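What the coordinates show
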Amino acid sequence: MRSDSLDDGPSGPPRRLTISLSQRTLWLAAGVVLASLVLVLLVAQAFSALLLIFLAITLAETIRPLVARLERLRVPRPLGAVLIYLVLVALFVGIGWLLLTPLVAQINELVRDLPRYLAQAQKWAEEAQQALAANEPLNAIIDGLAAQLTTSLQSALPDLLRFPLTLLSGAFGGLLSVVIVITMSIFWLMSAGKLREFVLSLIPEALRARGGVVFTELGQTLGGWVRGTLVAMLLIGLLVGLGLWLLGVPEALLLGIFAGLTEVIPYIGPWISGAVAALVALVAVDPLKALQVAILFILVYQVESNLVRPLVMSWAVKVDPLLVLIAVVVGAEALGLIGAVIALPVAGMLQVITQRLVAPAIRRATTANEVALAGVPDVHSSAPADNDTARQLDE
């Protein structure tokens with residue numbers, strides 16, 4: 001394949017650029033396209049299994065530094081991984097035990113006060129309905145929405161009746177998935193070194209050092225994302241819980257834990273937890289308290305977006321905040337909540353691949369093209385050029 005391009009420059013006669021594509025290059029491009037299509041189909045058909053594998057690899061890369069430290073102390077790698085998991089389980093159980101008493105007390109308080117909250121909400125709804133009664137078009141729209149909501153609830157009633165069984169089966173499936181993920185992560189720690197050597201043996205020797213760097217940075221990105229997310233969840237949970245407690249909002253501990261859990265969704269999590277906390281303050285206390293909670297969460301969002309996220313994630317994943325936000329939006333649109341959660345590590349991995357593989361390949365191709373362009377002789381002029389013109393063409 002050949003393409004000719006003429007360039008009429010002011011400093012000299014036009015030059016001809018010839019681009020040649022060999023048959024091997026065309027077959028390679030077709031193979032890349034075909035492999036990409038197969039990968040997309042594989043992800044679409046086996047997304048659940050691939051998600052478990054992704055979580056297992058992420059978990060393994062998170063504890064890899066601790067496993068390597070234990071291995072230097074003559075502790076076998078599988079035993080070290082099991083010990084770390086046991087310590088983590090004991091740590092979570094201990095924290096849960098410490099939080100159990102106040103957490104149960106707040107849940108009981110919420111259940112006890114729930115009728116009062118519902119009565120307050122019903123009172124506000126009646127007042128709003130009376131205020132809107134004079135506006136017939138708006139009242140008709142609200143009546144239509146209420147009818148649609150009633151119909152939706154009636155159609156969803158069978159699913160609500162089956163909810164306890166669904167919850168039980170979901171809990172069993174979640175426990176099974178946790179066991180599978182932990183088991184696969186242990187096997188990944190045992191086999192990742194051999195897999196890395198096998199993959200590197202398939203590429204040219206001159207590129208093996210760069211391939212090893214890519215493997216290392218991909219693992220550091222996944223592990224760093226988990227560690228950074230845990231730190232951000234802890235900081236935001238403590239900040240929100242303490243702030244709500246100082247404001248006198250009921251169920252501050254529950255709302256703080258919820259805010260910490262939603263922090264797993266970058267930049268969007270504080271808005272979700274803030275809306276829930278403001279609604280609780282509005283129903284349980286008064287509109288002024290809800291306004292105070294809204295101001296608190298605006299401050300929390302500023303701290304999260306300008307301090308916690310840039311510092312923690314730049315240390316852990318090294319991804320630009322704008323890229324994080326774009327990845328979260330795209331991931332949420334494509335895969336919902338799961339896509340929003342895994343968007344950041346996927347964006348970090350794509351950034352590593354782009355910086356270490358794609359960008360150097362583009363630079364090499366551009367440099368080779370410039371060298372070829374500079375070396376093309378002038379075929380349009382038969383008259384000899386003077387020394388200045390020759391120097392300009394060489395430059």
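Everything discussed here concerns the structure shown above.
The following refers to the structure shown. The structure displayed is predicted, hence computed values, not measured ones.

Once that is clear, we can look at helix 10 (residues 321-335). The end-to-end C-alpha distance of helix 10, which contains 15 residues, comes to 21 Å, matching closely the 21 Å that a straight helix rising 1.5 Å per residue would cover. Taken together, the buried positions of helix 10 are occupied by Val324, Ala327, Val328 and Gly331. Buried positions in helix 10, seen along its axis, are confined to an arc of 105° and lie on one side of it. With respect to the buried face of helix 10, the exposed residues turned more than 90 degrees away are Leu322, Val330 and Glu333. A positive backbone phi angle near 75° is found at Gly336, which sits one or two residues after helix 10.

All right, on to helix 6 (residues 208-247) then. The end-to-end C-alpha distance of helix 6, which contains 40 residues, comes to 58 Å, matching closely the 58 Å that a straight helix rising 1.5 Å per residue would cover. Just past helix 6, the residue Gly248 takes up positive phi, approximately 80°.

On the surface, a nonpolar cluster with roughly 600 Å² of combined accessible area is contributed by Leu88, Leu91, Phe92, Ile95, Leu99, Ile257 and Leu261. Per element, the largest residue contribution to the nonpolar patch is five residues, and it comes from helix 3 (residues 77-132). Within the secondary structure, Leu261 is located in helix 7 (residues 252-262).

Core analysis: the biggest nonpolar cluster contains 18 residues, and Val240, Leu244, Val249, Ala277, Val293 and Phe297 have the highest contact counts within it. Broken down by secondary-structure element, the contributors of at least two residues to this core are helix 6, helix 7, helix 8 (269-284) and helix 9 (287-316). If you tally residues by element for this core, the top one is helix 9, at seven residues. Here Leu244 is in contact with Val249, Ala252, Leu255, Ala277, Val293, Leu296 and Phe297, once residues within four sequence places are set aside. Core analysis: the next-biggest nonpolar cluster, separate from the first, contains 14 residues, Trp225, Tyr267, Ala343 and Leu344 among them.

What counts, and at which threshold
- Residues numbered from 1 in each chain as written.
- Predicted model: local features only at pLDDT ≥ 70, side-chain atom pairs only at ≥ 80, totals over all residues.
- Heavy atoms only, no water.
- Helix = DSSP H or I, 4+ residues; strand = E, 2+ residues; numbered from the N terminus.
- Expected span 1.5 Å × (residues − 1).
- Buried < 20%, exposed > 50% of the residue type's maximum accessible area, 1.4 Å probe, protein only.
- Arc of directions from axis to C-beta.
- Patch = residues over 30% accessible without salt bridge, like charges linked within 9 Å, V, L, I, M, F, W, Y side chains within 5 Å.
- Areas by Shrake-Rupley, 256 points an atom, 1.4 Å probe, with all protein chains shown as cover.
- Salt bridge = Lys/Arg side-chain N within 4 Å of Asp/Glu carboxyl O.
- Core = buried A, V, L, I, M, F, W, Y, C linked by side-chain atoms within 4.5 Å.
- Contact = heavy atoms within 4.5 Å.

Geometry only, nothing functional implied.
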